[in-house]
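Here is what each chain is made of, one letter per residue.
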Amino acid sequence: MQKIAFLRSVDIQRADPYIQRTVRELAGEGIEARLFHTHGQAGEEDFPGGRQGVDPAVTPCELATLVTQWGADAAVSISLPCENTLRDAATRELLEADGVPTVITPLAATSLLIDKWETKQLLLRAGLDVPRGIRADSDLLAGRGLPVPAYADALRAGAARIGYPLLSKPLWDSTSMGIRALPDAAALDAYLLDPPPVSAVIEECVSGDLCSVDIVGEPGAYRVLPVCWTGTAGPEPVFTFADLRWCGPRPEADRGFEPVAARLVALCEELGVRGSVNVDMIYGSGRYSVLEVNPRVGGATTLSCAASDTNTYSALADMALGRYSPGDVRRTRWAIEFLSPGRVPDGARAELAERVDLVTAHELVIDGVSHGEIVVFTLTDGEERQTVKALEDLHAGTGFPRQEILDKIRTLLAPP
Ligand SMILES: Nc1ncnc2c1ncn2[C@@H]1O[C@H](COP(=O)(O)OP(=O)(O)O)[C@@H](O)[C@H]1O
Ligand SMILES: [Mg+2]
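Residues numbered from 1 in each chain as written. Chains lettered and ligands numbered in written order. Predicted model: local features only at pLDDT ≥ 70, side-chain atom pairs only at ≥ 80, totals over all residues.

K.L.:
When you look at the overall build of the protein chain in this model, what are you seeing that I'm missing?
P.N.:
A tally of regular secondary structure across the protein chain gives 14 helices and 18 strands. Relative to the globule expectation of 22 Å for 416 residues, the C-alpha radius of gyration of the protein chain, 22 Å, shows essentially globular dimensions. Principal-axis analysis of the C-alpha atoms places the extent of the protein chain at approximately 65 × 60 × 40 Å. Within the protein chain, the fraction of its 416 residues that count as buried is 44%. Taking as baseline every contact in the protein chain between residues at least 6 positions apart, the subset at least 24 positions apart corresponds to 69%. (Helix = DSSP H or I, 4+ residues; strand = E, 2+ residues; numbered from the N terminus. Rg over C-alpha atoms; globule rule 2.2 N^0.38 Å. Buried ≥ 20, exposed ≤ 12 C-beta atoms within 10 Å, placed from the backbone. Contact = placed C-beta atoms within 7 Å.)

Structure (structure tokens):
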């Protein structure tokens, strides 16, 4: 019997309902899947295969040992965010040295992609647009190690050359954590007096539409999932899930994305990406400016799978089994995602599933904090108006979804 280990660091819900389908399909073929999860809970409904809770403080060496002791034929990482991606990439090196194949991007490439400054350099070399930026080193700013008295002034000069407003982003963090707005030179002065504890990239604030795309595959075989639209970029970062997030027709932007996709695939090829990357971008004035490339599944995975009738988790399993084929992937329907700040009211839940094609409604937990429930549904092109009507009726009866979300869905699907 073949055995595939899935390494995970967070609750499974964000992979719902795709991971469950994958595990059941594998079981149907007599392939055993086991989840090695270091955080959160996982029950039978979350991962209908084997499950093994692992100490969150596990080292890569210990994790590799657990996987080999179980007798895995292959290991797949579905961990996030980036600190856990690095853990799994280090585990990968040990597993591969031990003869266990993995669906995990090599450590050298992962180390570059989890660092926003290194990623910017890679993107520039790949011919992609990025926000202009400078690197702010926390040791030099704090005067640790070598004293460099001119360092702050060097950053001021660099910032002035780019022009305000600027943003400071930690090189390593995720979900907009630690981002600071620097609207003007006075804000930079205050920042330099109270610098962040971690190194950062200070970059120009780009305006436009936030979007995200997943690229899934291995050298020689990548599939580019449809672009997901995730909000509006402004001078202040907003919570990743605050706005309506959707995947739907946008012909001009889709055409403009083709050469960007080709360059991103070439970059994945060059880095030897194996698994999934999730690319965050801003689309403005007809151009895509790339913010970051997360070397892992990401916040748009569910949306893009729902909109394209693909399952990224099955694709990862296929890579593990040596039978992956990227296929011809395109958007086949709309997929829309929104956050309900509280639980979906019990009365509305069943009715929602009756009225729309519900993909998932699950609690969103980030760093142990609940942000409410994430709802994802799909509709076929052409069903826009009847979907709006169905949601209006649901709202009239139950107050769900809340007015603000309903208005946004109406504007998106049935503009006046
Ligand atoms: N250069 C930029 N211009 C405008 N907004 C930005 C810029 N960089 C980041 N943001 C905002 O901050 C969010 C998070 O930035 P991102 O680079 O994706 O880092 P992370 O997701 O790792 O926190 C983006 O979704 C966007 O809202
Ligand atoms: Mg991001």
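K.L.:
What am I meant to see in the packing of helix α12 (residues 346-355) against helix α13 (residues 384-398) here?
P.N.:
Relative orientation and spacing of two packed helices are given, respectively, by the angle between their axes and the distance between those axes. It is at 10 Å that the axes of α12 and α13 come closest, and there the two elements cross at 165°. If you check the angle between α12 and α13, you find them roughly antiparallel. The two elements α12 and α13 meet at a crossing, and its hand is right-handed. Two secondary-structure elements touch here, α12 through Gly347, Ala348, Glu351, Leu352 and Arg355 and α13 through Ala390, Leu394 and Thr398. Here the residues of the contact of α12 with α13 are counted per class, giving four nonpolar, two polar and two charged. (Axes fitted to C-alpha atoms, helices over the stretch in contact; angles between N-to-C directions. Parallel < 35°, antiparallel > 145°, perpendicular 65-115°, else oblique. Left-handed = near helix turned anticlockwise from the far one by under 90°. Nonpolar A, V, L, I, M, F, W, Y, C, P; charged D, E, K, R; others polar.)

K.L.:
I tried to follow the sheet that holds strand β9 (residues 200-204) on my own but got confused; where do I start?
P.N.:
Strand pairs in the sheet, formed through backbone hydrogen bonds, run parallel or antiparallel to each other. Ordered in space as β6-β9-β7-β8, the four strands form an open sheet in which the pairing is antiparallel. Here the strands that pair on one side only, and so sit at the sheet edges, are β6 (133-136) and β8 (180-182). Sheet twist, expressed as the average angle between the axes of neighbouring strands with direction ignored, equals 25°. Pairing of strand β7 (residues 166-170) with β9, which is carried by five bridges, proceeds in the antiparallel orientation. Residue pairing across strands places proline 170 opposite alanine 200, the latter belonging to β9. Lying over the sheet, helix α7 (residues 151-162) contacts β6, β7 and β9, oriented at roughly 160° with respect to β6. (Pairing = 2+ DSSP bridges.)

K.L.:
Would you mind showing me how to read helix α11 (residues 312-320) here?
P.N.:
Side chains of residues three or four places apart in an α-helix project in the same direction, reflecting 3.6 residues per turn. Among the nine residues of α11, seven are classified as buried, and the element is accordingly described as predominantly covered. Among the residues of α11, Thr312, Tyr313, Ala315, Leu316, Ala317, Met319 and Ala320 are the ones counted as buried. Backbone geometry just after α11 places glycine 322 at a positive phi near 70°.

K.L.:
Looking at this model, I keep getting lost on the domain arrangement of the protein chain. Mind explaining?
P.N.:
Many descriptions give the size of an interface as the accessible area lost when the pieces come together. The domain architecture assigned to the protein chain consists of domain 1 (3-104), domain 2 (105-129 + 206-330), domain 3 (132-204) and domain 4 (333-416). Contacts between domain 2 and domain 3 engage eleven residues on the former and 14 residues on the latter. When its residues are assigned to classes, the side of domain 2 that touches domain 3 shows six nonpolar, one polar and four charged. (Domains from an automatic or database assignment.)

K.L.:
For this particular structure, what's the right way to read the site of ligand 1?
P.N.:
Every one of the 18 residues lining ligand 1 counts as a neighbour, but Pro131, Ala233, Pro237, Asp280 and Leu291 are closest to it. Elements supplying a minimum of two residues to the shell around ligand 1: β7 and β15 (287-294). Here the shell around ligand 1 is built from residues that sort into ten nonpolar, three polar and five charged. Mapped onto the domain boundaries, the shell around ligand 1 takes at least three residues apiece from domain 2 (105-129 + 206-330) and domain 3 (132-204). (Near = placed C-beta within 6 Å.)

K.L.:
Sorry, what's going on with unusual backbone geometry here?
P.N.:
Trans is the common state for peptide bonds, and a negative phi is the common state for residues other than glycine. The omega angle of the peptide bond from aspartate 16 to proline 17 is 5°, so this bond is cis rather than trans. Mapped onto the elements of the fold, proline 17 is located in the loop between β1 (3-8) and α1 (18-28). The phi dihedral of serine 176 is positive, around 65°, even though this residue is not glycine. Structurally, serine 176 can be placed in the loop between β7 and β8. With 13 C-beta atoms counted inside 10 Å, the residue serine 176 sits in the partly exposed group. Positive phi outside glycine occurs at serine 285, with the angle close to 50°. With 8 C-beta atoms counted inside 10 Å, the residue serine 285 sits in the exposed group.

K.L.:
Please clarify how the packing of α13 against helix α14 (residues 403-413) should be interpreted in this entry.
P.N.:
Between α13 and α14, whose axes approach to 9 Å, the crossing angle comes to 170°. Judged on the interaxial angle alone, α14 and α13 are roughly antiparallel. By crossing handedness, the relation of α13 to α14 is classed as left-handed. Counted together, Glu384, Thr387, Val388, Leu391, Glu392 and His395 of α13 and Leu406, Ile409, Arg410 and Leu413 of α14 form the full contact between these two elements. Here the contact of α13 with α14 is composed, by residue class, of five nonpolar, two polar and three charged.

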